[in-house]
Amino acid sequence: MASASSSSSPSPSPSPSWSVGAAASSSRAKWLKPKVCNQFLDLAPLNSLAWPKRKPSISCSLQIPIKQHSPLPTTAATETLTTKTKTISVTLPTPPPTTPPEREFPSPSSSSSPPRWNPFQKAAAVALDMVEAALISREQQHPLPKTADPRVQIAGNFAPVPEHPVEQNLPVTGKIPDCIRGVYVRNGANPLHEPVAGHHFFDGDGMIHAVTFNHDASASYACRFTETNRFVQERALGRPIFPKAIGELHGHSGIARLLLFFSRGLFGILDQSKGIGVANAGLVYFDDRLLAMSEDDLPYQVRITPAGDLETVGRYDFTGQLKSTMIAHPKIDPVSGELFALSYDVVKKPYLKYFKFSPEGIKSPDVEIPLNEPTMMHDFAITDNFVVIPDSQMVFKLQEMIRGGSPVVCKKDKVSRFGVLPKHAADAAEIKWVDVPDCFCFHLWNAWEDTENDEIVVIGSCMTPADSVFNECDEQLSSVLSEIRLNLKTLKSTCRPISPEAEQVNLEAGMVNRNYLGRKAQFAYLAIAEPWPKVSGFAKVDLSTGEIKKFIYGEGKYGGEPFFVPRDSTINSGREDDGYIVSFVHDENEWKSELQIVNAMDLRLEASIELPSRVPYGFHGTFISEKDLEKQACISTSSSHQLPFCVKGDSTRGIVRRYIPGDNPL
């Protein structure tokens, strides 16, 4: 039973490493067996090469090479796979009677034809595949760190799921509040194929889970892959072929994988010209479009259909205006309606650019931010008049791969700092840098201006060790909600925990009421990341007093980012905390998932929606109101992306096609 409580006792210590499900005590992390394993195989012929595989320790969906996941019977059976190299007999056990089997694993939403190569390309592909097979065989002679071991990173409910078509009229316990009418969508990493080498949880293909709230208080659910350029090509080839930025690009083998990648591009075996991103991290609804993002590519537009399904429209470059990548956490000013964003480059200068879009989607010129080296910048903040840019100790050093290490490192002799730049600056001349030593915030929750003291107040979770998510370490991870003050006159800073030490818990992933973004807010709603990296509940934190009130999901239940939906979307309407928290929750005892709706004022569970499919732990989401969906543009600016059931309309930014959700297409 979920419960709400006020924090008054010391928090439990987080597990000492970023291992999924539990801390690994040995140098070689053990595979953590999930409650139920997907029982799916691809019965199509495998690749002609005998790909080396790490020896599995349990039977699981990730241990069998898959091209597309085909459903098999849930009763005990034996199937035989015949390849050119060997025959494999696999016994499929009957699931325990108390645990329902996974649903059928349908093919991805659209089919891809096998690539058509000329004889020269075929020969090159075979040769490069042989090189890769030898590379994998060599890699297997060395243990993987826990931060790159797929048996750790995607075990349990971090494991991938198949797509699920729309299912209507889901069982609802309680009453869905009247103000929640629209669609809640959440992004996450969900690898289509079994990893052949190293894999970090952040490396998976993007999958969006959507719950639609209808007029009659009924609800539907669907989940779909975001069909990126990378995803479409790997689906056609039947295996992963693009390098994984965190799990594979380390040491000499990482350099070899980059050479393989560029060689395949040179021979036309793959096409990286249309992006290599996975679009698995952030979601934002802007310019009448739902955009899925990861900072390694342009955003991808995803259309929400009248039935509540999801369709990938394609990469969205704002009518050719956006020519660089965009970070996964752009900010929409609730007053002006503008969107503010950053773009960073890990190879060449300028390493960082700032830009904004008008509410109509018109982009400003880029402002080049001077940095001496490429810095990992996952998030930033805005105020009424400024943007706040973190320049932390986490940097990209590709030369570290030559030394056998990871290209993402914590530069301990670097002093972290924040840059404060006027929102409408034409260049970086007005930026003011303020040092904040030993401060790394993976996420910033809000910022505002304290005009009486000439300070910018920044709210973020300070994480130590800074590189614990990317590199294996024995030190316990700590993520402390903190108030950082940047004095624009003295260029000095202060940084303090918001809550007393006895009440501190690891807080990561969350938000403030979006109507207060960039303005002083009283409350933040943040995931309780304990036992790390699972989320046992969420905290409502009073940012002025430090008081923490907790909502715990219950024994064996874990969730993700809590998302605040205000009762009234109008700015300055009523109480700041008058609204509801929505979050996916998974019961690891029953192996079932649900969407919980919690009253944000008194932390009382209002409703629970039983979901027809397991929802893995994921990343960030957003809520799109019914009113906003009525204006949804269901096409990109390219006429080649036309979708059915829409009517043409005039637009200076291309063909726009709209629909009314829940009604007949217009």
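Computed from a predicted model, the values in this text were never measured in an experiment.

Undergrad: What exactly am I supposed to notice about the overall build of the chain here?
TA: Within the chain, the regular secondary structure consists of five helices and 40 strands. Within the chain, the proportion of its 666 residues that are buried is 59%. In the chain, the share of contacts with a sequence separation of at least 24, taken over all contacts with a separation of at least 6, comes to 64%. When the accessible surface of the chain is totalled, it reaches about 26,900 Å², and 53% of it is carbon and sulfur.

Undergrad: Even after reading the chapter, I still don't get the sheet that holds strand β11 (residues 282-286), so can you show me in this structure?
TA: Neighbouring strands of a sheet are bound in pairs by backbone hydrogen bonds; such pairs are parallel or else antiparallel. The strand order across the open sheet built from four strands is β11-β12-β13-β14, with neighbouring strands paired in antiparallel fashion. Edge strands, defined here as strands with exactly one partner in the open sheet, are β11 and β14 (310-315). With strand direction ignored, the average angle separating the axes of adjacent strands in the sheet is 30 degrees. Summarising the sheet, β11 and strand β12 (residues 289-293) pair through five bridges and their orientation is antiparallel.

Undergrad: Is there a simple way to explain the packing of helix α1 (residues 119-139) against helix α4 (residues 251-266) in this structure?
TA: Packed helix pairs are specified by the crossing angle of their axes together with the interaxial distance, meaning the distance between the axes. As a packed pair, α1 and α4 sit with axes 11 Å apart at the nearest point and diverge in direction by 165 degrees. By the angle between their directions, the pair α1 and α4 is classed as roughly antiparallel. Of the two elements, α1 crosses α4, and the hand of that crossing is left-handed. Contacts between α1 and α4 involve L128, D129, V131, E132, L135, I136 and E139 on the former and, on the latter, S253, A256, R257, L260, S263 and R264. Across the contact of α1 with α4, the residue classes break down as six nonpolar, two polar and five charged.

Undergrad: So what exactly am I meant to see when it comes to the nonpolar core here?
TA: Most often, soluble globular proteins keep nonpolar side chains buried together rather than apart. In this structure, I180, V211, F213 and I609 are the most contacted members of the largest nonpolar core, which totals 41 residues. The set of elements that each furnish at least two residues to this core consists of β9 (206-213), β10 (219-225), β29 (507-511), β30 (523-528), β34 (563-566), β35 (579-587), β36 (592-599) and β37 (604-610). Not counting the four nearest positions on each side in its chain, V211 is found in contact with G182, V183, Y184, A219, S220, Y221, F584, L595, I609 and L611. By size, the runner-up hydrophobic cluster in this structure holds 32 residues, among which are F340, W433, M463 and W532.

Undergrad: Help me out: how do you make sense of the layout of surface pockets in this one?
TA: Rolled over the atoms, a probe sized like a water molecule indicates the empty space that remains. Approximately 1,500 Å³ is the volume attributed to the second largest pocket. Along the walls of the second largest pocket sit 44 residues, with Y285, I332, R514, T622 and F623 positioned nearest its centre. Elements supplying a minimum of two residues to the lining of the second largest pocket: β11, β15 (331-332), β25 (441-450), β29, β34, β38 (621-625) and α5 (626-629). When grouped by side-chain class, the residues that make up the lining of the second largest pocket number 20 nonpolar, twelve polar and twelve charged.

Undergrad: What is the right way to look at the confidence of the model for the chain in this model?
TA: For any part of a model where pLDDT is low, the fine detail of the predicted coordinates should not be relied upon. Across the chain, the average pLDDT comes to 78, with 76% of residues at or above 70. Scored below 50 in pLDDT, residues 637-666 shows 74 contacts in the model against residues more than four places distant or in partner chains.

Undergrad: It is not clear to me how the sheet that holds strand β20 (residues 386-391) should be interpreted in this structure. Could you clarify?
TA: Sheet architecture is open: four strands sit in the order β19-β20-β23-β24, paired in antiparallel fashion. The open sheet has two edge strands, β19 (381-382) and β24 (432-435), and neither has a second partner.

Undergrad: What is the right way to look at the pairing of β36 in this model?
TA: Along a regular strand, successive side chains alternate from one face of the sheet to the other. With respect to burial, β36 is a largely interior element, seven of its eight residues being buried. Where β35 lies against β36, eight bridges are found, and the strand directions are antiparallel. Pairing of V582 across the sheet is with I597, part of β36. The antiparallel pairing of β35 with β36 creates a hairpin that spans four residues between the two strands, and W591 there sits at a positive phi of about 60 degrees. Looking at chain direction, β36 and β37 are connected through six bridges and run antiparallel. Following the sheet pairing, I597 is matched in β37 by A607. Linking β36 back to β37 in an antiparallel pair, the connection comprises four residues, with L603 at a positive phi of about 55 degrees.

Undergrad: What is the right way to look at the side chain of Q121 in this model?
TA: Take Q121: it is sitting in helix α1. The exposure class of Q121 is buried, given its relative accessible area of 14%. From its side chain, Q121 meets the backbone oxygen of F267 in a polar contact 3.0 Å long. Excluding anything up to four places from it in sequence, Q121 contacts R116, F267, G268 and I269.

Undergrad: Mind showing me how you'd approach α4 here?
TA: An α-helical segment advances 3.6 residues per turn. Residues three or four places apart therefore align on the same side. Here α4 is 16 residues long and its end C-alpha atoms lie 23 Å apart, about the 22 Å a rise of 1.5 Å per residue gives. Inspection of α4 places G251, S253, G254, R257, L260, F261 and R264 among the buried residues, and these make up the whole buried set. For α4, the buried positions fall inside an angular range of 115 degrees around the axis, keeping them on one side. Opposite the buried face of α4, by more than 90 degrees, sit the exposed residues H252, L259 and L266. Elements in contact with the buried residues of α4: α1. Trailing α4 by a residue or two, G268 shows a phi angle of about 75 degrees, which is positive.

Undergrad: I'm lost on the packing of aromatic side chains in this one. Help?
TA: Using the criterion set out here, one finds 20 aromatic pairs in the structure. Centroid distance F213 to F623: 6.4 Å. Interplanar angle 45 degrees. Geometry classified as tilted. With F213 in strand β9 and F623 in strand β38, the pair connects residues that are 410 residues apart, well separated along the chain. Under the relative-accessibility criterion, F213 is labelled buried at 2%. For F623, a relative accessible area of 9% translates into the label buried. For the pair Y316 and F318, a centre-to-centre distance of 4.6 Å together with 50 degrees between the ring planes defines the contact as tilted.

Undergrad: What exactly am I supposed to notice about the side chain of E483 here?
TA: With respect to the secondary-structure elements, E483 resides in strand β27 (residues 478-487). Exposure remark for E483: the relative accessible area of 11% places this residue in the buried category. Setting aside residues no more than four positions away along its own chain, E483 makes contact with V457, V458, I459, T494, C495, R496 and I498.

Undergrad: Where do I start with α1 in this structure?
TA: Relative to the 30 Å expected for 21 residues at 1.5 Å per residue, α1 spans 30 Å between its end C-alpha atoms, a close match to the ideal helical length. In this fold, the buried residues of α1 make contact with α4. One side-chain oxygen of the residue at the start of α1 lies 3.1 Å from the amide nitrogen of F120, identifying that residue as N118.

Undergrad: Can you walk me through the pattern of salt bridges in this structure?
TA: If the charged atoms of two oppositely charged side chains come close together, the side chains can form a pair. Tallied over the entire structure, the rule returns 37 salt bridges. A salt bridge links K175 to D178; the nearest nitrogen and oxygen atoms lie 3.0 Å apart. For D178, a relative accessible area of 57% gives the class exposed. Between K411 and E373 there is a salt bridge; the shortest N-O distance is 3.1 Å. Taken together, the residues span a long stretch of sequence, with K411 in the loop between β22 (408-410) and β23 (417-422) and E373 in the loop between β18 (367-369) and β19 at a distance of 38 residues.

The rules we used
Residues numbered from 1 in each chain as written. Predicted model: local features only at pLDDT ≥ 70, side-chain atom pairs only at ≥ 80, totals over all residues. Heavy atoms only, no water. Helix = DSSP H or I, 4+ residues; strand = E, 2+ residues; numbered from the N terminus. Buried < 20%, exposed > 50% of the residue type's maximum accessible area, 1.4 Å probe, protein only. Contact = heavy atoms within 4.5 Å. Areas by Shrake-Rupley, 256 points an atom, 1.4 Å probe, with all protein chains shown as cover. Pairing = 2+ DSSP bridges. Axes fitted to C-alpha atoms, helices over the stretch in contact; angles between N-to-C directions. Parallel < 35°, antiparallel > 145°, perpendicular 65-115°, else oblique. Left-handed = near helix turned anticlockwise from the far one by under 90°. Nonpolar A, V, L, I, M, F, W, Y, C, P; charged D, E, K, R; others polar. Core = buried A, V, L, I, M, F, W, Y, C linked by side-chain atoms within 4.5 Å. 1 Å grid on protein atoms, 1.4 Å probe; cavity = no way out; pocket = protein on both sides within 12 Å on 5 of 7 lines; lining within 4 Å. Points joined across faces, edges and corners; volume = space filled by probe spheres on them. pLDDT = per-residue confidence, 0-100. Polar contact = N/O pair within 3.5 Å; in protein donor to acceptor, adjacent residues only side chain to side chain. Expected span 1.5 Å × (residues − 1). Arc of directions from axis to C-beta. Phe/Tyr/Trp six-rings, centres within 6.5 Å; stacked < 30°, edge-to-face > 60°. Salt bridge = Lys/Arg side-chain N within 4 Å of Asp/Glu carboxyl O.

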